[in-house]
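Now for the letters of each chain:
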Amino acid sequence: MRRRREELEELHKLGINPYPYNYNVTDSSTSIINSFTDEQPPREVAVAGRIMSIRRMGKASFCHLQDAQGRIQAYLKKDDLGGSYDTFKLLDIGDIIGVEGYVFKTKMGEISIHARKLEILSKSLRPLPIVKEKVDEQGNKTIFDPFSDKELRYRQRYVDLAVNVKVREVFVKRSLILRAMRKFLDERGYLEVETPILQPIYGGAFARPFTTHHNALDIDLYLRIADELYLKRLIVGGYDGVYEFAKDFRNEGMDRSHNPEFTMMELYVAYKDYIWMMNLVEEMVSTVALAVNGTMKWKVGENEIDFTPPWKRISMYDVIKEYTGKDLRDKSEEEIRRFAKELRIEIEPGMGRGSIIDEIFSEKVEAKLIQPTFITDYPVEMSPLAKKHRSEPGLVERFEVMVNGHELCNAFSELNDPIDQRQRFEEQMKLRARGDEEAQVLDEDYLRALEYGMPPTAGLGIGIDRLTMLFTNQDSIRDVLFFPQMKRE
RNA sequence: GAGCCCGUAGCUCAGGGGUAGAGCAUCUGCCUUUUAAGCAGAGGGCCGUUGGUUCAAUUCCAACCGGGCUCACCA
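Residues numbered from 1 in each chain as written. Chains lettered and ligands numbered in written order. Predicted model: local features only at pLDDT ≥ 70, side-chain atom pairs only at ≥ 80, totals over all residues. Heavy atoms only, no water.

**Student:** What should I look at first to understand the protein's contact with RNA strand B in this one?
**Tutor:** For RNA strand B, the set of nearby residues contains 52 residues, the closest of which are Lys132, Glu151, Phe206, Glu400 and Arg478. Taking all atoms of RNA strand B within 4 Å of the protein, the share assigned to sugar and phosphate is 57%. Contact between RNA strand B and Gly58: a base nitrogen at 3.1 Å from a main-chain N or O atom of the residue. Separating a base nitrogen of RNA strand B from a side-chain N or O atom of Asp255 is a distance of 3.2 Å. Considering every element that reaches the surface near RNA strand B, the biggest residue donor is helix α5 (residues 150-155), with five residues. Partitioning the surface near RNA strand B into residue classes produces 16 nonpolar, seven polar and 29 charged. (Near = heavy atom within 4 Å. Polar contact = N/O pair within 3.5 Å; in protein donor to acceptor, adjacent residues only side chain to side chain. Helix = DSSP H or I, 4+ residues; strand = E, 2+ residues; numbered from the N terminus. Nonpolar A, V, L, I, M, F, W, Y, C, P; charged D, E, K, R; others polar.)

Below, the structure written as structure tokens:
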């Protein structure tokens, strides 16, 4: 680093501004490489990027420039650069430069830029980790000295991105996923909206919130754990369909699939039910799959997943029956409890019928559902915002989609009966009183909204981070978040 | 929250009770089509922090800090 500061001084002394204001880029690295022909006279180009490697040979040098698209080699010869060649001697890997010159192919066959002009665009003061790669004749890449320390990669994502091109690709895909989804929803006429992140009462999910304080009002506020209740207020207000890509915050443990802040897309559509929503989800996710990966079949780890609709639809009871051989329909809480014990599933004494069923599902079924599968019709106790099933007592009209052994989204026919909703909230408040910190809080204003009348509505929540993990084949949420939460350095 | 593992040069890692090692990077010299460029030489370290055991600790022990994996909790 000291050396680099000296070089910076040298540049200043030579009257060169190491941090100029702009540069006129004419082409990107890959556009040059892809459009190369042996035409005469050769094409003149100007590219800018970060120096990723330098090979100096006395009075001539090669270096690789990396721009947003890829890499291209530049050939710098003293005869053609004169004084700037001495400037080049003051440059390092990591510096950002602009090179103007003509395109040619080297003896070794690499399309390169023969530099006529060189301009320093930003002097780097910290050494960048050097990642070397060798490409053999089959085109296989071997990486030497990878920048692989996860802690450093997450804490200094800018370095990770600069040095590990694959990482940049993951986030480009994340952006494509958002774009494809937004396009899909916009084409159907749904309105993208924004609702409060700071909420006086939190709701819409089971989770502990982050608390903050508003000084002027002198009130505590919560960072939202979901935007569900606000979006449904908008349906009460008369919109047909609303959606939001929402950053939600949950004050809970962190692991491979949980970060304290994460992104959820929630969608509510008036006059529809959960069966209609299943069709939409199938269509949306397969459309996104095609837009992002160009195929419906996508290999995640060992499993090839086929997103082609239609997906299997099976009720919670039936899928448990399929995987355990036991039909829990019409069974009492006591019978189900006994069955869970037979399966050696740990059951807390306070757990009700619904929770035990859910536990059996998580333990015995969930991980086995690899292909996209709708699990439908959940016990009412676990779903205080979902509408009672039209024909099955004790159940609600709810589904989750399981893919690769994990939940991908959650949806229901929304409960719009204000009296039923009040009772459900009251049930939750009882659980709360018994010490369940994640039970939901009664939201009087939300009830007031329902009392004005909400049309039948289908609602959906889909975890964007997990969807991205799926489509980019990453097994940690940290690898699909630019800046995952970390402890203080 | 529990268990296991890790922390040594800018990066990736080896080592091991007696003044610290490699490759790449860096610096000097040579080299005008190289590509993990090459050749010759050089510099670079609070061995995560604090404490303990010891004549002596980077090494052994403990606590702490940070990270990873697994499990638990959790949508």
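**Student:** Help me out: how do you make sense of the packing of aromatic side chains in this one?
**Tutor:** The description of two aromatic rings rests on the distance between their centres and on the angle between their planes. Counting across every chain of the model gives 12 aromatic pairs. Look at Tyr243 and Phe245: their rings are 5.9 Å apart centre to centre, the planes differ by 90°, and that puts the pair in the edge-to-face class. The two residues Tyr243 and Phe245 agree in class, both being buried. Arranged with centres 5.2 Å apart and planes meeting at 80°, the rings of Phe374 and Phe399 form a pair that is edge-to-face. Of this pair, Phe374 sits in strand β17 (residues 373-379) while Phe399 sits in strand β18 (residues 395-403), and the two are 25 residues apart along the sequence. The two residues Phe374 and Phe399 agree in class, both being buried. (Phe/Tyr/Trp six-rings, centres within 6.5 Å; stacked < 30°, edge-to-face > 60°. Buried < 20%, exposed > 50% of the residue type's maximum accessible area, 1.4 Å probe, protein only.)

**Student:** What is the right way to look at the nonpolar core in this model?
**Tutor:** Nonpolar side chains tend toward joint burial in soluble globular proteins. Met265, Leu267, Val281, Phe307 and Phe471 are the most contacted members of the largest nonpolar core, which totals 40 residues. With 10 residues, helix α9 (residues 274-293) is the single largest residue contributor to this core. With near-sequence residues (within four places) excluded, Val281 lies in contact with Trp311, Phe374, Phe399, Val401, Cys409 and Leu460. (Core = buried A, V, L, I, M, F, W, Y, C linked by side-chain atoms within 4.5 Å. Contact = heavy atoms within 4.5 Å.)

**Student:** Sorry if this is basic, but what is going on with helix α13 (residues 418-433) here?
**Tutor:** It helps to recall that an α-helix has 3.6 residues per turn; residues three or four apart then point in one direction. For α13, built from 16 residues, the straight-helix expectation of 22 Å at 1.5 Å per residue is met to within 8% by its first-to-last C-alpha distance of 22 Å. Those residues of α13 that fall on the buried side of the exposure criterion are Pro418, Asp420, Gln421, Arg424, Phe425 and Gln428. Buried positions in α13, seen along its axis, are confined to an arc of 160° and lie on one side of it. Within α13, the exposed residues directed more than 90 degrees away from the buried face are Ile419, Lys430 and Ala433. On its buried side, α13 packs onto β18 and α14 (444-452). Sitting at the amino-terminal end of α13 is Asp417, which places a side-chain oxygen 2.9 Å from the backbone nitrogen of Ile419. Once α13 finishes, Gly435 follows within two positions and takes phi at roughly 105°, a positive value. (Expected span 1.5 Å × (residues − 1). Arc of directions from axis to C-beta.)

**Student:** I'm lost on the packing of α13 against α14 in this one. Help?
**Tutor:** The relative placement of two packed helices comes down to the angle between their axes together with the axis-to-axis distance. Axis separation between α13 and α14 bottoms out at 9 Å; the angle between their running directions is 160°. One way to sum up the angle between α13 and α14 is to call them roughly antiparallel. Our pair here, α13 against α14, has a crossing hand that is right-handed. Where α13 abuts α14, its residues Pro418, Gln421, Arg422 and Phe425 lie against Glu444, Tyr446, Leu447, Leu450 and Glu451. Among the residues making up the contact of α13 with α14, the classes are represented as five nonpolar, one polar and three charged. (Axes fitted to C-alpha atoms, helices over the stretch in contact; angles between N-to-C directions. Parallel < 35°, antiparallel > 145°, perpendicular 65-115°, else oblique. Left-handed = near helix turned anticlockwise from the far one by under 90°.)

**Student:** Help me understand the packing of helix α11 (residues 333-342) against helix α12 (residues 353-364) in this model?
**Tutor:** Between α11 and α12, the shortest axis-to-axis distance is 10 Å and the interhelical angle comes to 30°. Judged on the interaxial angle alone, α12 and α11 are roughly parallel. With respect to the hand of their crossing, α11 and α12 are arranged in left-handed fashion. Contact with α11, carried on its side by Glu333, Ile336, Arg337, Phe339 and Ala340, involves Arg353, Ile356, Ile357 and Ile360 of α12 and no other residues of that element.

**Student:** Would you mind going over a nonpolar patch on the surface with me for this structure?
**Tutor:** A cluster of nonpolar residues, Tyr158, Phe482 and Phe483, forms a patch on the protein surface that exposes about 370 Å² of accessible area. Residue placement: Phe482 occurs in the segment after α15 (464-472). Residue Phe482 is classed as partly exposed on the basis of its relative accessible area, which comes to 38%. (Patch = residues over 30% accessible without salt bridge, like charges linked within 9 Å, V, L, I, M, F, W, Y side chains within 5 Å. Areas by Shrake-Rupley, 256 points an atom, 1.4 Å probe, with all protein chains shown as cover. Salt bridge = Lys/Arg side-chain N within 4 Å of Asp/Glu carboxyl O.)

**Student:** Quick question: what am I supposed to make of the sheet that holds β17 here?
**Tutor:** Strands pair in a sheet through their backbones, by hydrogen bonds, and they do so in one of two ways: parallel or antiparallel. Judged by pairing direction, the sheet is mixed, and its eight strands sit side by side in the order β8-β12-β13-β20-β19-β18-β17-β16 without closing on themselves. If you trace the sheet from one side to the other, it starts and ends with β8 (191-192) and β16 (312-315), each paired once. Pairing of strand β19 (residues 406-413) with strand β20 (residues 457-463), which is carried by five bridges, proceeds in the antiparallel orientation. Bridge assignment links Ala411 to a residue of β20, and that residue is Leu460. (Pairing = 2+ DSSP bridges.)

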